[in-house]
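The lines below spell out each chain.
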Amino acid sequence: MIEKKDLKIVFFGTPEFAVESLDKLYTEGYNIAAVVTMPDKPAGRGHKMLHSAVKEYALEKGLPLLQPVKLKDEEFVGELRRINADLFIVIAFRMLPEVVWTMPRLGTFNLHASLLPKYRGAAPINWAVMNGEKETGVTTFFLKHEIDTGDIIRQERIAIGAGENVGSVHDRLMHLGAELTADTVAHILAGDLKPVSQDKLLKGAEAIPAPKIFKETCRIDWNRTATELHNFVRGLSPYPCAWTELRASEGCDDELLATLKIGEARIYNQHPKEGAVPGTVSYLRLGKMIITCGDGSELEIMRLQPSGKKMMDTAEFCRGFRIPTGDDGKDTALKVE
């Protein structure tokens, strides 16, 4: 059996989620022969070059660092060949070309933040919470041509709390993933793996996708039920956040009053009401924001963020918000859409 210090590993990763696993391997004495991360990119008004979280860690520990622009670049591929690593580990990185992932003799494995074959794609934690799943987990699998489809090595599960948001699930999976990564390497060293085909687990069913999330993905559709929208908000909080537009529904030419990110919500009333209009806003004068959903159920907004301002309690927003009035001096009806 190979000793930890003799197993040459190249680690591929970018965000904080990957750092936890890299740190676990490093502190347990594994030989990190190189770290590969994304190139620096300009950020902010001053265009200061931003380093990835993985790069920051590699620099702190003095680990050899590679930042290729193109993963098929001959110079980069040549550097990897010269390292002659035994194993590649990929966590929250770009899709590797075949010339790279087939290189090490013990293969290349990925840590994915879902219970594959469920939630293949770029945003598995978000979609699991958005879809109201009661559990999720982490999976290690060997890379193959199609993304997130390789044979499963190991999995660990956790329950998702009924009111838990994607931020807390992310952090728990980050720590669990680090343990699973180290466990997977240990089993690779021991040579006692029994990988399982994802096709066997699917048994003819379709895998659940978890595509990349864009701004329009996060827009709230008030025709959905309060339960669905509660999960939707949780699955996008604290980042990138579900959002909606607050408008005057009559008398003001459908005026846009505010664009709001929704940081937290709760189900106010699950019982459908006949004749209720989805998107109707109530109780702002009382420091609350209750919104009618698609089946007449209601969602209460607990925290929100108007454009250009900080996240705040709804009561604070209501104190500073001026409700438009009509010619009769009465409050204009409000809606979100």
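Here we look at the overall build of the chain
A count of helical and extended segments in the chain gives nine helices and 16 strands. Along the first, second and third principal axes, the C-alpha atoms of the chain reach 80 × 50 × 30 Å. Relative to its 337 residues, the chain shows a buried fraction of 47%. For the chain, the share of sequence-separated contacts (at least 6 apart) that also reach a separation of at least 24 residues comes to 64%. For the chain, the accessible surface area stands at approximately 17100 Å², while carbon and sulfur atoms represent 50% of it. Here the chain holds 43 positive side-chain charges and 47 negative ones, and the gap between their average locations is 2 Å.

Details of a nonpolar patch on the surface
Side chains of Tyr 268, Tyr 283 and Leu 286 sit close together on the surface and give an oily, nonpolar patch of about 330 Å² of accessible area. Of note, Tyr 268 is situated in strand β11 (residues 256-269). A relative accessible area of 35% places Tyr 268 in the partly exposed class.

Focus on the packing of helix α1 (residues 16-27) against helix α6 (residues 166-190)
The contact between α1 and α6 brings their axes to 8 Å, and the two run at 35°. In the crossing of α1 with α6, the sense of the turn from one axis to the other is right-handed. Taken together, the residues of α6 that come into contact with α1 (itself represented by Glu 16, Phe 17, Glu 20, Ser 21, Lys 24 and Leu 25) are His 170, Leu 173, Met 174, His 175, Gly 177, Ala 178, Glu 179, Thr 181, Ala 182 and Val 185. In the contact of α1 with α6, the residues fall into seven nonpolar, five polar and four charged.

Regarding the environment of Ala 248
Mapped onto the elements of the fold, Ala 248 is located in strand β10 (residues 242-248). For Ala 248, a relative accessible area of 0% gives the class buried. Distance in space between the C-alpha atoms of Ala 248 and Val 281 is 9.8 Å, their sequence separation being 33 residues.

Thoughts on unusual backbone geometry
Cis rather than trans, the peptide bond between Leu 116 and Pro 117 has omega equal to 15°. Cis geometry marks the peptide bond from Tyr 239 to Pro 240; its omega dihedral reads 5°. Mapped onto the elements, Pro 240 comes out in the loop between α8 (226-234) and β10. Positive phi outside glycine occurs at Tyr 119, with the angle close to 60°. Accessibility expressed as a relative area gives 3% for Tyr 119, which makes it buried.

Quick word on α8
An α-helix turns once every 3.6 residues. As a result, residues three or four positions apart point the same way. Along α8, seven of the nine residues are buried, which leaves the element largely enclosed by surrounding structure. Its buried side turned inward, α8 meets α5 (124-130), α6, β10, β11 and β14 (298-306).

Considering the environment of Cys 218
One can find Cys 218 in the loop between α7 (198-202) and α8. Judged by its relative accessible area of 3%, Cys 218 is buried. In the structure, Cys 218 is positioned 26 residues away from Thr 244 in sequence and 8.6 Å away in space, judged by C-alpha atoms.

Cut-offs used in this document
- Residues numbered from 1 in each chain as written.
- Predicted model: local features only at pLDDT ≥ 70, side-chain atom pairs only at ≥ 80, totals over all residues.
- Heavy atoms only, no water.
- Helix = DSSP H or I, 4+ residues; strand = E, 2+ residues; numbered from the N terminus.
- Buried < 20%, exposed > 50% of the residue type's maximum accessible area, 1.4 Å probe, protein only.
- Contact = heavy atoms within 4.5 Å.
- Areas by Shrake-Rupley, 256 points an atom, 1.4 Å probe, with all protein chains shown as cover.
- Lys, Arg positive; Asp, Glu negative; His and termini not counted.
- Charge placed at Lys NZ, Arg CZ, Asp CG, Glu CD.
- Patch = residues over 30% accessible without salt bridge, like charges linked within 9 Å, V, L, I, M, F, W, Y side chains within 5 Å.
- Salt bridge = Lys/Arg side-chain N within 4 Å of Asp/Glu carboxyl O.
- Axes fitted to C-alpha atoms, helices over the stretch in contact; angles between N-to-C directions.
- Left-handed = near helix turned anticlockwise from the far one by under 90°.
- Nonpolar A, V, L, I, M, F, W, Y, C, P; charged D, E, K, R; others polar.

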